[in-house]
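The residues making up each chain are set out below.
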Amino acid sequence: MNGSSNNFRLSFLFIGVILVIGSIIFCADHTIASSHFNEIITGKSKPGWFWNQPVNCGMTAAGIARHSVIYPENSKKAARENGIHNYMRQIESLHTGGQAFSITERGAVWLGDDQVETYDETRLEELTESLPLLDYQVAGNLALVLLGPETCRDETANRKRPYPLMHRPAWVDRSPSARGIIYAVGTSVGYYYSESSWERAEREARRNLSASIQSRIHGLTDQQTGMSHEIIYTDHEVTLRDAVVQSRYYDQISDLYYVLVRMPLR
């Protein structure tokens, strides 16, 4: 009788352990799914400086990383490091390799390439110690930071309030124009982790900017040959300096991410 009782207790204990493990796995999966759902539904609310980054007070750069509830400081550190790399890219980036793009009424639009972007990473340690962190916020499952000079602190404070950008900015459909400044827009499809989408859209914006500069360099030759609708380059080298992100936008209907960059013409 005691043997049967012990076997029953062991069986009950074994079932209990299985249920606990199953519950842990379910909760983990549910947490991941909830995190993704939260990013889709509520995580589109971002601070104002993320949608419209300060550009007239000095060079600023945003950093993005996946937020961890368990290790929030690690997320903040990763976002800051990402922001410093973006800052160094904005200072100067070299775009080399072949690429193809078409010339439209919006300017040069990138079609495809084997282009390589390089930038000086030797200032990472210096900027980690000296570049001020203007703001840090958690939006959905993203950790966001804004880095830049002290001269941008007041403007950043005025743009700290988070909100979803519901209206479609005019620059999404028609790049702005201003004397002495060149603009480019980059887009990305929505990936499971939205930080990948934002990074790809920003990277494409810089590629479109380099393509637009290349078309200006070869503009006269193109007009003389009468091939104004499309230009294909197999090899080029373009340096972007002070190419900063000005605005971002997310279209919930199409699940597309947009980034607008600007650079002074020299």
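Residues numbered from 1 in each chain as written. Predicted model: local features only at pLDDT ≥ 70, side-chain atom pairs only at ≥ 80, totals over all residues. Heavy atoms only, no water.

Asks: What is the right way to read the pattern of salt bridges from this model?
Replies: Pairs may arise between side chains of opposite charge once their charged atoms sit close together. Tallied over the entire structure, the rule returns 11 salt bridges. Across the pair Arg159 and Glu155 runs a salt bridge, and its minimum N-O distance is 2.5 Å. Judged by its relative accessible area of 25%, Arg159 is partly exposed. For Glu155, a relative accessible area of 21% puts it in the partly exposed group. Members of the salt-bridge network, linked through shared partners, are Arg89, Glu117, Glu202 and Arg206. (Salt bridge = Lys/Arg side-chain N within 4 Å of Asp/Glu carboxyl O. Buried < 20%, exposed > 50% of the residue type's maximum accessible area, 1.4 Å probe, protein only.)

Asks: Would you mind going over the environment of Glu204 with me for this structure?
Replies: Counting through the fold element by element, Glu204 comes out in helix α6 (residues 194–217). Placed 18 residues apart in sequence, Glu204 and Gly186 show a C-alpha to C-alpha distance of 4.7 Å. (Helix = DSSP H or I, 4+ residues; strand = E, 2+ residues; numbered from the N terminus.)

Asks: I would appreciate a short explanation of the environment of Arg206 in the present structure.
Replies: Position of Arg206 among the secondary structure elements: in helix α6. Along the backbone, Arg206 and Val261 are 55 residues apart, and their C-alpha atoms lie at a distance of 7.2 Å. Excluding residues that lie within four positions of it along the chain, Arg206 makes contacts with Arg89, Ser93, His95, Glu117 and Leu240. (Contact = heavy atoms within 4.5 Å.)

Asks: What is the right way to look at the sheet that holds strand β9 (residues 181–189) in this model?
Replies: In a beta sheet, neighbouring strands are held together by backbone hydrogen bonds and run either parallel or antiparallel to one another. An order of β9-β12-β11 is seen for the 3 strands of this open sheet, with the pairing classed as antiparallel. Of all the strands in the sheet, the pair left with one neighbour each is β9 and β11 (244–251). Taking each pair of neighbouring strands and ignoring which way they run, the sheet shows an average axis angle of 20°. Note: β9 against strand β12 (residues 256–264), 9 bridges, orientation antiparallel. Bridge pairing in β12 links Val189 to Leu256. (Pairing = 2+ DSSP bridges. Axes fitted to C-alpha atoms, helices over the stretch in contact; angles between N-to-C directions.)

Asks: Please explain a nonpolar patch on the surface as it appears in this structure.
Replies: The grouping of Val69, Ile70 and Tyr71 at the surface amounts to a nonpolar patch, some 400 Å² of accessible area in total. Looking at where Val69 falls in the secondary structure, it is placed in the loop between β2 (61–66) and α3 (72–91). Val69 sits in the exposed class, given a relative accessible area of 73%. (Patch = residues over 30% accessible without salt bridge, like charges linked within 9 Å, V, L, I, M, F, W, Y side chains within 5 Å. Areas by Shrake-Rupley, 256 points an atom, 1.4 Å probe, with all protein chains shown as cover.)

Asks: Teacher, can you tell me more about the state of the cysteines here?
Replies: Disulfides are covalent bonds that connect the sulfur atoms of two cysteines. A full pass over the atoms with the stated rule returns 1 disulfide. Two residues share a disulfide in this structure: Cys57 and Cys152, whose sulfurs sit 2.0 Å from each other. Taking the torsion about the sulfur-sulfur bond, which here is approximately 110°, the covalent link between Cys57 and Cys152 counts as right-handed. Note that Cys57 is positioned in the loop between α2 (48–51) and β2 and Cys152 in the loop between β7 (142–147) and α5 (153–157), a separation of 95 residues in sequence. The buried category is assigned to Cys57, whose relative accessible area is 18%. (Disulfide = S-S within 2.5 Å.)

Asks: So what exactly am I meant to see when it comes to the pairing of β2 here?
Replies: Two faces belong to every sheet, and in a regular strand the side chains alternate between them. The buried count for β2 comes to 5 of 6 residues, which makes it a mostly enclosed element. Pairing geometry for β2 and β7, over 6 bridges, is antiparallel. Bridged to Gly63 within β7 is Val145.

Asks: Looking at this structure, how should I read the sheet that holds strand β6 (residues 133–139)?
Replies: Taken in spatial order, the 3 strands of this open sheet run β2-β7-β6, and their pairing is antiparallel. A strand with exactly one partner marks an edge of an open sheet, and here the two such strands are β2 and β6. Put simply, the sheet's adjacent strands are angled 15° from each other on average, direction ignored. Helix-sheet contacts for α3 involve β2, β6 and β7, and the interaxial angle to β2 is about 140°.

Asks: Would you explain the packing of aromatic side chains in this entry?
Replies: Aromatic ring pairs are described here by two measures, namely the spacing of the ring centres and the angle between the planes. Counted under the stated rule, the structure contains 7 aromatic pairs. When the centroid spacing of 5.7 Å and the interplanar angle of 75° are considered together, the rings of Phe50 and Trp51 count as edge-to-face. When its relative accessible area of 1% is taken as the criterion, Trp51 is described as buried. Seen from their ring centres, Phe50 and Trp198 are 5.2 Å apart, and the 85° between their planes marks the pair as edge-to-face. Here the residue Phe50 occupies a position in helix α2, and Trp198 occupies one in helix α6, the gap between them amounting to 148 residues. Per residue, the accessibility class of Phe50 equals that of Trp198, and both read buried. Taken together, the ring pairs in this structure connect Phe50, Trp51, Trp198, Tyr250 and Tyr257 into an aromatic cluster. (Phe/Tyr/Trp six-rings, centres within 6.5 Å; stacked < 30°, edge-to-face > 60°.)

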